[in-house]
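# Observations on chain architecture
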Amino acid sequence: MAQNHLLIVGSMAFDDLDLPTVEARDVVGGSATYASIAASHFVPVRAVAVVGGDFPQAAIDDLGKRGVDCAGIERAEGKTFRWWGRYAKDLCSRTTLDTQLNVFADFKPKLPDSFKKSPYVLLGNIHPALQLDVLSQIDKPRLVAADTMNFWIEGERKLLGQVLEKLDLLVVNDEELRQLAGIHNLKRAARAVLSMGPKRLVVKRGEFGALLFDSDGSFFVPAYPLEDEIDPTGAGDSFAGALLGVLAQSDSADRATFRRALHAASTVASFCVEGVGTKRLGGIDSGSIQKRQAELRTLVHPGD
Ligand code: AMP
C-alpha cells in the first residue's frame, strides 16, 4: 500500500531557553522541526519552512535522514527566526521574552510540484498568512490540521479566523483556547471555537493530558507521568506531528483511529520534555514509542 505523505509547514528556529535547571542558547527548534521529527516515526514527511544563512545544514540533513523531504525548506538571505522563552519553576507556564521573525518576515512559500498532492497537512504554528498561502497551493487535501499560539491570536486575529474556517482539526493548548474564545470554561470555550470552523478540536493541557472535542462528544488522553521534566519546548508541536502522523499512516480519522492517534501523540510528546530541544525526541525509535504507549494505556484502563 502506498504511504500517505504528510506536509508540515511551520517555523525553523533558534531558541533561547531559560529553563529552571539550565539556560540554553541557540537551540535548534521551531514548530516544523519538532513536528517533522515526531511525525517521521509514522509517515514520510514533506517540510516547508525558511531558514537564514546562519542555520546549520547538519540540522536539515538530520531531518533528511529521518525520511523528511526537505525540498520545501528555503535558505534565504538574513537571519533565522528566533524565539526566547522563560519557564516558571514548575514548567507549567512560560513567558515569551522575544520573538524575531527575521527571514519569516518576507517568506513567500512556493511549494515544490512534488508537494502539491499531499493528502494530510499540518499547518504548524506560524504566521496565519503563511498557513493560508501554503494551503492554497495544495490540491484537495484529505485532512487539514493547524496549530497556533498567543502571538498570532493577539496579532493576526482576522487571518487566523480565515484559517479556522478551513480546518478539519485545530490543535491548541488550554491557554490559547481560552484566549481564542474569550471564555475561561474549557467546555464552553471549546464549543465557541468549534463554531468558528474546525470540525474537531484537540486541547493540550501539558502534564494534565489532552482533550478532544468533536461531534462524538469529548475524549481524554492522559500525559505520561515523567520523572525527569527538563524542557517542554516543542512538546505541543511533537504532539501535533505524531497525531497527524498516525492519522496519515492509518489513512483514516474515524473515531477509533483518532483516539489511538491521540495516545501516540501524548506518548511522543512526553519524550520531547525529557531533554533540551530535540535531544531526547531525536533519539527515540518505534520500539520505545510502543513500549511507553502500552504503559500509557494501562495507566487509565481499569482492567477486568
Ligand atoms: P511549543 O512548545 O510546542 O509551543 O513550540 C515551541 C516552538 O515554537 C519553539 O521551538 C519556537 O521556536 C516556536 N515558536 C515560538 N513562537 C513562535 C511564533 N510566533 N511562530 C512560530 N513559531 C514559534
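The structure this text deals with has already been given above.
Here is a short report on the structure shown in this document. (Residues numbered from 1 in each chain as written. Predicted model: local features only at pLDDT ≥ 70, side-chain atom pairs only at ≥ 80, totals over all residues. Heavy atoms only, no water.)

Within helix H1 (residues 31-39), 9 of the 9 residues are buried, leaving the element largely enclosed by the surrounding structure. For H1, the complete set of buried residues consists of Ser31, Ala32, Thr33, Tyr34, Ala35, Ser36, Ile37, Ala38 and Ala39. (Buried < 20%, exposed > 50% of the residue type's maximum accessible area, 1.4 Å probe, protein only. Helix = DSSP H or I, 4+ residues; strand = E, 2+ residues; numbered from the N terminus.)

Glancing now at the site of the ligand. Around the ligand sit 19 residues, and of these Ser11, Asp15, Gly30, Gly234 and Asp237 come closest. The side chain of Trp152 places a nitrogen or oxygen atom 3.2 Å from a nitrogen atom of the ligand. Contact with the protein chains covers 95% of the free accessible surface of the ligand, which is 510 Å². Every element with two or more residues in the shell around the ligand is listed here: strand S2 (13-18), strand S6 (81-87), helix H4 (150-155) and helix H8 (235-250). For the shell around the ligand, the element with the highest residue contribution is H8, accounting for 3 residues. Grouping the constituent residues of the shell around the ligand by class yields 9 nonpolar, 7 polar and 3 charged. (Near = heavy atom within 4 Å. Polar contact = N/O pair within 3.5 Å; in protein donor to acceptor, adjacent residues only side chain to side chain. Areas by Shrake-Rupley, 256 points an atom, 1.4 Å probe, with all protein chains shown as cover. Nonpolar A, V, L, I, M, F, W, Y, C, P; charged D, E, K, R; others polar.)

A surface patch of nonpolar side chains, amounting to about 270 Å² of accessible area, comprises Phe220, Leu299 and Val300. Locating Phe220 in the fold gives a position in strand S13 (residues 217-221). On the basis of relative accessible area, Phe220 is assigned to the partly exposed category, the value being 43%. (Patch = residues over 30% accessible without salt bridge, like charges linked within 9 Å, V, L, I, M, F, W, Y side chains within 5 Å. Salt bridge = Lys/Arg side-chain N within 4 Å of Asp/Glu carboxyl O.)

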